[in-house]
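Structure at a glance
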Amino acid sequence: MAAPRRIAVIGLGAISRFYLAAIEESAAAWQLAAVCDVSPERLAPHRDRCPVFTDHRALLAEARLDAVVVAVPNDRHAAITADVLAAGLPVCVEKPLATRAADAEALVEQARARGVCLFTAFHRRYNREVRRLVRELRAGAAPAELAIRYFERIEEHIGDDAWYLDPARCGGGCVADNGPNAYDLARLLAGEVRVEHAEVVRDRFGTDRRATVRLRSRAGLPVRVELDWSYPGEVKDVTVRLADGAVRTADMLRGFRAFKGSLWHEYVGVLDDFDHAIRMATDRTGDGLVALSLVEETYRLACHPPARVPGSRGRPAEDGDQPMHRESRQPMNGESHEPMHGESAVKHATHGTLVKVLTHRRDDRGMRLEDFASRCVRRGEIHELVTTDQRETAPGTRVDRVGFLGFAEMGCGGVLDRGDRVWIDGRPVGTVLGFDSCHFPNHYNILISVPEPVTGRDLALAPRADVRFVPAATAAGPDGTTEMPEEEIEELR
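Read on for an overview of the structure. Counting restarts for each chain, with residues numbered from 1 along the sequence as it is written. Totals for whole chains, interfaces and linings use all residues, but because this is a predicted model, local features are given only for residues with pLDDT of at least 70 and pairs of side-chain atoms are given and counted only at 80 or more. As a rule here, side-chain values come from all non-hydrogen atoms in the structure, and water together with hydrogens is ignored.

Observations regarding the pattern of salt bridges
- Whenever Lys or Arg places a side-chain nitrogen within 4 Å of a carboxyl oxygen from Asp or Glu, that contact is recorded as a salt bridge. As enumerated under the stated definition, the model contains 39 salt bridges in all.
- One salt bridge connects R5 with D275, and the closest N-O pair in it is separated by 2.3 Å. In this pair, R5 sits in strand β1 (residues 5-10) while D275 sits in helix α10 (residues 263-279), placing the two residues 270 residues apart along the sequence.
- Classification of R5 by relative accessible area gives buried; the value is 19%.
- What emerges from the salt-bridge pattern is a single network uniting E129, R132, E136, R248 and R254. To qualify as a helix, a DSSP run of H or I must reach at least 4 residues; to qualify as a strand, a run of E must reach at least 2; elements of each kind are numbered from the N terminus. Exposure categories follow from relative accessible area, calculated using a 1.4 Å probe and restricted to protein chains: below 20% of the type maximum is buried, above 50% is exposed, and the middle band is partly exposed.

Below, the structure is given as structure tokens:
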């Protein structure tokens, strides 16, 4: 009989106890080899059991490991998982795989290139009632309609993990965190699905508290997902109406009287499946990316992804919270449908620094132009620079042909307007066409109009290159040629 695999758990927040209990229950397959957390208080109970670390990089360098569980806050999933994969270790990542589909795609590519198991934990698929329902559907009539409900009051479930209520760290709210589990169940029961309609309700701090999402499978099966972080109690269930009119249900909380009692057996299922994926070299790398892509599509169809509210910790939804859907609305104070340079306004150039260079193109990206032609940015924010040869500026215009330049950190606060000239490393690149918010709250895509989509590699860009957004009124010389103002050039020297 093979010796149990030595596994480490990175992140000792609210969900880690279920992983630790599952490791202990599955002693024939797993042995806890180390734990890691930035909090000495959370490490204290484990000091007599196994090596403890406050830095995951030290853990990867010093501990003798066969696998790793990543259960840190959502905004840290991608970076830490990338380090685990770089160390050549199979990794089980608590859902969501990342907060951005682009980061998840990079992890999938990294895992496949190295031949390492990348496994995303969707614990609800291992619920005993869900498994019973799957068996019934396989043996019975074809489903005609599917509904999934995931209701809870989030403050009752997160313990000390206040990051769940910060949209920038969580990824948004109930859609970003509970959505992956719900979408995974939809795929489990209906096959591959696409999002057709979404409504998201957010509180005044930018955290989404409720969502209703309509999806459809490739076979045409309608799926309805309802999420609620402000529900007085807890409901987690699946309802299937069959073609013959019969109804089948799975109450995921049935038989578990203790609070969060169903999670104990579900995480045993997670680690059993992780072990199986390692032993059988099963490719499960794409599951996390698919779920995250459905999350991003939900936010896109809900019109405005979650707003980043620096320093917020969220509050329960209140009367007056409004759904964000695809109906147009009038500009708010400070927003404009038209470029600022067409108004009676003067502004300074906004500058930043390239922090990551991108090298890929796409002809089917599916970005959408935001309603507004201007966006405020804060110092320290990071946004993505994307080139396109498309010219249409109407709100909602789909932008497919793109080249990716990289990510830029803003060096000052300012206002970016359609028509601003973009300079990188002292060279003109193009003009701001508009903004796409499919990745918000993480960042905006700043769309730059160019004759032909180009990438960071095409322009020989490098990290630390200076980035400037120069007002159109000052960017063109009297003869119509584009020259950077002398004071801007001086600042670059």
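A few points about the packing of aromatic side chains
- When two rings of Phe, Tyr or Trp (its six-membered ring) have centres within 6.5 Å they constitute a pair, described as stacked for plane angles under 30 degrees, edge-to-face for angles over 60, and tilted for the intermediate range. A complete count under the given rule lists 9 aromatic pairs for this structure.
- Ring geometry for Y19 and Y267: centres 4.8 Å apart, planes at 70 degrees, overall edge-to-face. Placement of Y19 in helix α1 (residues 16-25) and of Y267 in helix α10 is noted, with a sequence separation of 248 residues between them.
- According to the relative accessible area criterion, Y19 is buried, its value standing at 0%.
- Joined through ring pairs, the aromatic side chains of F18, Y19, W264 and Y267 make up one cluster.

Overview of the state of the cysteines
- In plain terms, two cysteine sulfur atoms within 2.5 Å form what is called a disulfide here. In this structure the tally under the stated criterion is 0 disulfides.
- With no disulfide of its own, C92 lies closest to C117 among cysteine sulfurs, the gap being 8.5 Å.
- Using a relative accessible area of 0% as the deciding quantity, one classes C92 as buried.

Quick look at helix α5 (residues 101-114)
- In this model, α5 (14 residues) spans 20 Å end to end at C-alpha, consistent with the 20 Å of a helix rising 1.5 Å per residue.
- Taken as a whole, α5 has its buried residues at A101, A104, L107, V108 and A111. Mapping the buried residues of α5 onto a view down its axis gives an arc of 115 degrees, with all of them on the same face. Among the exposed residues of α5, those oriented more than 90 degrees off its buried face are E109 and A113.
- What makes two residues a contact is simply this: any of their non-hydrogen atoms within 4.5 Å. At its buried positions, α5 is contacted by α4 (77-86), β6 (118-121) and α11 (286-301).
- Directly beyond the C-terminal end of α5, a positive phi value near 70 degrees is found at G115. Expected span of a helix: the number of residues minus one, times 1.5 Å. The reported arc concerns the directions from the helix axis to the C-beta atoms and nothing else.

Focus on empty space enclosed by the protein
- Two kinds of site are reported from a 1 Å grid over the protein atoms alone, namely cavities, where a 1.4 Å probe fits but cannot get out, and pockets, open sets with protein on both sides within 12 Å along at least five of seven lines, and residues are called lining when an atom falls within 4 Å of a point. Grid points are joined across faces, edges and corners, and a volume is the space filled by probe spheres set on the points. Taken as a whole and assessed by the stated rule, the structure comprises 1 cavity of 30 Å³ or more.
- Its boundaries defined by the atoms lining it, the largest cavity holds a volume of some 80 Å³.
- T99, G171, V295, E296 and Y299 are the residues nearest the centre of the largest cavity, which is lined by 14 residues in total.
- By residue number, the principal contributor to the lining of the largest cavity is α11, which donates 4 residues.
- Gly falls in the polar group here, along with every residue not listed as nonpolar (Ala, Val, Leu, Ile, Met, Phe, Trp, Tyr, Cys, Pro) or charged (Asp, Glu, Lys, Arg). Residue composition of the lining of the largest cavity, by class: 10 nonpolar, 3 polar and 1 charged.

With respect to the packing of α1 against α10
- A fitted line through C-alpha atoms serves as each axis, taken over the contacting stretch for helices, and the angle formed by two N-to-C directions is quoted from 0 to 180°. It is the contact of α1 with α10, at a shortest axis distance of 8 Å, that shows an interaxial angle of 65 degrees. As summarised for this structure, α1 and α10 are arranged roughly perpendicular, according to the angle between their axes. Crossing of α1 against α10: the hand is right-handed. Contact residues: R17, F18, Y19, A21, A22, I23 and E25 in α1; L263, W264, Y267, V268, V270 and L271 in α10. Working definition: roughly parallel below 35 degrees, roughly antiparallel above 145 degrees, roughly perpendicular at 65 to 115 degrees, and oblique for all remaining angles. Take the far helix as your reference; a near helix turned counterclockwise from it by less than a right angle gives a left-handed crossing, and one turned clockwise gives a right-handed crossing.

Some thoughts on the pairing of β6
- On β6, burial covers both faces: L118 and T120 on one face and F119 and A121 on the other are all buried.
- When DSSP finds at least two bridges between two strands, those strands are taken to pair. Here 4 bridges tie strand β5 (residues 91-94) to β6, and the two strands are oriented parallel to one another. Of the residues in β6, the one forming a bridge with V91 is L118.

Examining helix α6 (residues 128-139)
- Taking 1.5 Å as the rise per residue, α6 with 12 residues should run 16 Å; its terminal C-alpha atoms sit 17 Å apart, in good agreement.
- E129, V130, L133, V134 and L137 are the residues of α6 that are buried. Along α6, the residues classed as buried sweep out an arc of 145 degrees about the axis, all on the same side. Opposite its buried face, α6 presents the exposed residues R135, R138 and A139, each directed more than 90 degrees away.
- Those residues of α6 hidden inside the fold are in contact with α9 (179-190), β11 (230-242) and β12 (247-251).
- The N-capping residue of α6, defined by a side-chain oxygen 2.8 Å from the backbone nitrogen of E129, is N127. Two N or O atoms form a polar contact when they lie within 3.5 Å of each other; inside protein one atom must be a possible hydrogen donor and the other a possible acceptor, and for residues adjacent in sequence the pair counts only when both atoms belong to side chains.

Digging into the sheet that holds β1
- The strand order across the open sheet built from 6 strands is β3-β2-β1-β4-β5-β6, with neighbouring strands paired in parallel fashion. On the outer flanks of this sheet lie β3 (52-53) and β6, each paired with one strand and no other.
- Sheet analysis places strand β4 (residues 67-70) next to β5, joined by 3 bridges and oriented parallel. Each residue of the ladder has a partner; that of V69, found in β5, is C92.

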